[in-house]
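# Survey of secondary and tertiary structure
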Amino acid sequence: MADPASPPKAPATRAPVSGTRILLYQFLVLAVILAAWEILIHLGVIKAYIYGTPSGVIAAFGEQIASGVLIRHFWVTLQEVILGFLIGSLFGTLSGLALWLSPLWARILHPYMVALNGVPKISLAPLIVVWFGLGMGSKVAIAAIITFIVAFITSYNGTQQVDQDWVRLMRSLGARPLQIFRTIIVPGSLPWVVAAFRLNVGFALIGAVVGEYISAEEGLGYHVYYSGQLYDLDSVWVGIFSLMIMALMLEVVVAWIEKRLTY
Amino acid sequence: MSEAVLAAHGVRVVYNEGTESAVEAVHDISLELHSGEVLALVGPSGCGKTTLFNAIAGLIPIQGGSVTVSGERVDRAAGHVGYMLQKDLLLPWRSVTQNVTLGLEVRGVRGAKARAIAEELIERYGLKGFENAKPAALSGGMRQRVALMRTLAFDPEVVLLDEPFSALDFQTRLLLQADVKRIIREESKSVILITHDIGEAISMADRIVLLTNRPARVKDVYEVGIDETADDPVAVRAHPRYQELFTTIWNELELSPRPTR
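Description of the structure in this document. What you are looking at is a predicted structure, and each value in this text was computed from that prediction instead of being measured.

All names here are of chain B. What the four strands build is an open sheet, ordered E2-E1-E4-E5; its pairing is antiparallel. Each end of this open sheet is capped by a strand with a single partner; those strands are strand E2 (23–34) and strand E5 (72–73). Inspection of the sheet shows strand E4 (residues 64–69) paired to E5 by two bridges, in the antiparallel sense. In the strand pairing of E5, Thr-68 is matched with Arg-73.

Contact residues are listed per partner, giving 18 residues for chain A and 19 residues for chain B. Carbon and sulfur atoms make up 70% of the surface buried where chain A meets chain B, a total of about 1600 Å² over both sides. Considering only the surface of chain A that becomes buried against chain B, Trp-166, Leu-169 and Leu-173 of chain A emerge as the three largest contributors, covering 36% of it. Scanning the region where chain A abuts chain B turns up two salt bridges.

Across its 26 residues, helix H7 (residues 136–161) of chain A extends 37 Å between first and last C-alpha, which sits within 8% of the 38 Å expected from 1.5 Å per residue. Among the 26 residues of H7 of chain A, 19 are classified as buried, and the element is accordingly described as predominantly covered.

Attention shifts here to the pairing of strand E10 (residues 218–223) of chain B. Residues and elements named next belong to chain B. The pairing of strand E9 (residues 207–211) with E10 spans five bridges and is antiparallel. Residue pairing for E10: Ile-208 is matched across the bridge by Tyr-222. Remark: six residues form the turn of the hairpin made by E9 and E10, two consecutive strands paired antiparallel.

All names here are of chain A. Topologically, Thr-154 is positioned in helix H7. Here Val-150 takes part through its backbone oxygen, which lies 2.6 Å from a polar atom of the side chain of Thr-154. In this structure, Thr-154 is in contact with Trp-192 and Ala-196, ignoring residues within four places of it in sequence.

A separate point is the pattern of salt bridges. Applying the stated rule across the entire model yields 20 salt bridges over all chains. Of the charged contacts in the structure, one is a salt bridge between Asp-163 of chain A and Lys-87 of chain B, with a shortest N-O distance of 3.0 Å. Highlighted residues: Asp-163 of chain A in the loop between H7 and helix H8 (164–172) and Lys-87 of chain B in the loop between strand E6 (81–84) and helix H2 (96–100), drawn from two different chains. Since its relative accessible area comes to 24%, Asp-163 of chain A is described here as partly exposed. Owing to a relative accessible area of 41%, Lys-87 of chain B belongs among the partly exposed residues under this scheme. Note that Arg-124 of chain B and Glu-187 of chain B form a salt bridge whose closest N and O atoms lie 2.7 Å from each other.

Ranked by size, the top nonpolar core spans 99 residues in total, and within it Leu-41, Val-100, Leu-160, Ile-192 and Ile-208 of chain B carry the most contacts. In this structure, Ile-192 of chain B is in contact with Leu-6, Leu-31, Leu-33, Leu-39, Leu-41, Ile-56, Val-159, Leu-160 and Leu-161 of chain B, ignoring residues within four places of it in sequence. The next biggest cluster of nonpolar side chains, apart from the first, holds 22 residues, and it includes Phe-74, Val-238, Leu-243 and Met-246 of chain A.

Here the structure, examined in full by the defined rule, presents 10 aromatic pairs over all chains. When the centroid spacing of 5.4 Å and the interplanar angle of 80 degrees are considered together, the rings of Trp-166 of chain A and Trp-93 of chain B count as edge-to-face. Of the two residues, Trp-166 of chain A sits in helix H8 while Trp-93 of chain B sits in the loop between E6 and H2, which places them in two different chains. Across this residue pair, the class does not change: Trp-166 of chain A and Trp-93 of chain B are buried. Arranged with centres 5.5 Å apart and planes meeting at 35 degrees, the rings of Tyr-213 of chain A and Tyr-225 of chain A form a pair that is tilted. One end of the pair, Tyr-213 of chain A, is in helix H9 (residues 177–214); the other, Tyr-225 of chain A, is in helix H10 (residues 220–229), with 12 residues separating them in the sequence. Since its relative accessible area comes to 41%, Tyr-225 of chain A is described here as partly exposed.

Calculation notes
- Residues numbered from 1 in each chain as written.
- Chains lettered and ligands numbered in written order.
- Predicted model: local features only at pLDDT ≥ 70, side-chain atom pairs only at ≥ 80, totals over all residues.
- Heavy atoms only, no water.
- Pairing = 2+ DSSP bridges.
- Helix = DSSP H or I, 4+ residues; strand = E, 2+ residues; numbered from the N terminus.
- Contact = heavy atoms within 4.5 Å.
- Buried area = accessible area lost by both parts, 1.4 Å probe.
- Salt bridge = Lys/Arg side-chain N within 4 Å of Asp/Glu carboxyl O.
- Expected span 1.5 Å × (residues − 1).
- Buried < 20%, exposed > 50% of the residue type's maximum accessible area, 1.4 Å probe, protein only.
- Polar contact = N/O pair within 3.5 Å; in protein donor to acceptor, adjacent residues only side chain to side chain.
- Core = buried A, V, L, I, M, F, W, Y, C linked by side-chain atoms within 4.5 Å.
- Phe/Tyr/Trp six-rings, centres within 6.5 Å; stacked < 30°, edge-to-face > 60°.

As structure tokens, then:
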């Protein structure tokens, strides 16, 4: 995983900082932020009913885990994200790669791809909720459709970036298009496919959470939205932090997969 | 000499033909490559050598004339011509062995049989121990050697080399020239070598075709006539005939390109 908190490479004169110390500093950053927040509340600089309080957030965290509410919301959203991500990324990648086989269709579809790429994909969400109903299905569908578009466009672009000299070499060897596709295009596009997967972790999360904002009875997005309506800002923060934890978890998994796939 | 394995007759290549920006890159070139022969094409930079190469390899359409390999039109004779460029075109996700077997796979030779052919070449030409290495772990000279093995593995009738050594440093280039010369003689390959390096042409080829500035035409043909046993490129360079040819070709080479319209 890319480590946003690690400092740039230290100059040669400085001793390298060990991994455990970095981790310690990373927790320290969090602790300082939370402490400053708490102190500002107590000094009356910012209002607890607008910002929530760290102590209240931690208490709410504990309560909601103990009661099982948070686990249930977390689990619902996680399923939506993973299912949507897998369905969208998989079919999107397969179709994007396969489009290489038909330059004619690639040309026909080009303006549609540009339009779909440009539109804020989340604007499709209300439609999808209407089509797929109020349950988990519609959130999976939103995440899947958004990630499909991203994977489709990115992987097709990947096939276009593959070195044409490889393709020419294969042709001169007498390879048929399907052989070139299998041997050159698919492995050659892999860096783009992996990049699309990375982007799609974020897009799947956005899709599922926005879907839950629109209408749902469970899930972290619902939890955040509903608590916000009730001005229960501590619970809003609990939801947001849970989403961050989920994003980090998924990021670690995708980074692990990326490591095996790249050459 | 024996019959021609590759014959070009009146080859003409024009870019953007029929438009105002039409540029003739190759004008009426005819040449024959005999079995087991190494033919070098030498010309000034930008004269259309690579265009001619692509035409001979059947990679681009030609606007006039014909190129045949063993009597078959080259663009319909996929797999009869193998080529090697300055760019090694190794697939970075494949090991050395898997890169060498690429052409065999396309022809349906797979598995143990393909691997055996590749491993024999790898051992014979000095890359033993690197069978499972990825191209990124190899030096430029080693990568070009792998590219040559990939070309030889599927046993093409004609091998085309387009400036294959020009990206290498001088020492590696000399060593690889010697190696490639030895390998193509051992495998008795018919080879066309495109180069702007006169020394390279003399030390590797049996015959040298000198091309004019763009549009490329055949200006002259020289028999090298240096004893074949002189595989050592340094020894070849010490040969009196080398000096003589070098001077002749150098003087004939149209070095300053004519201003373009």
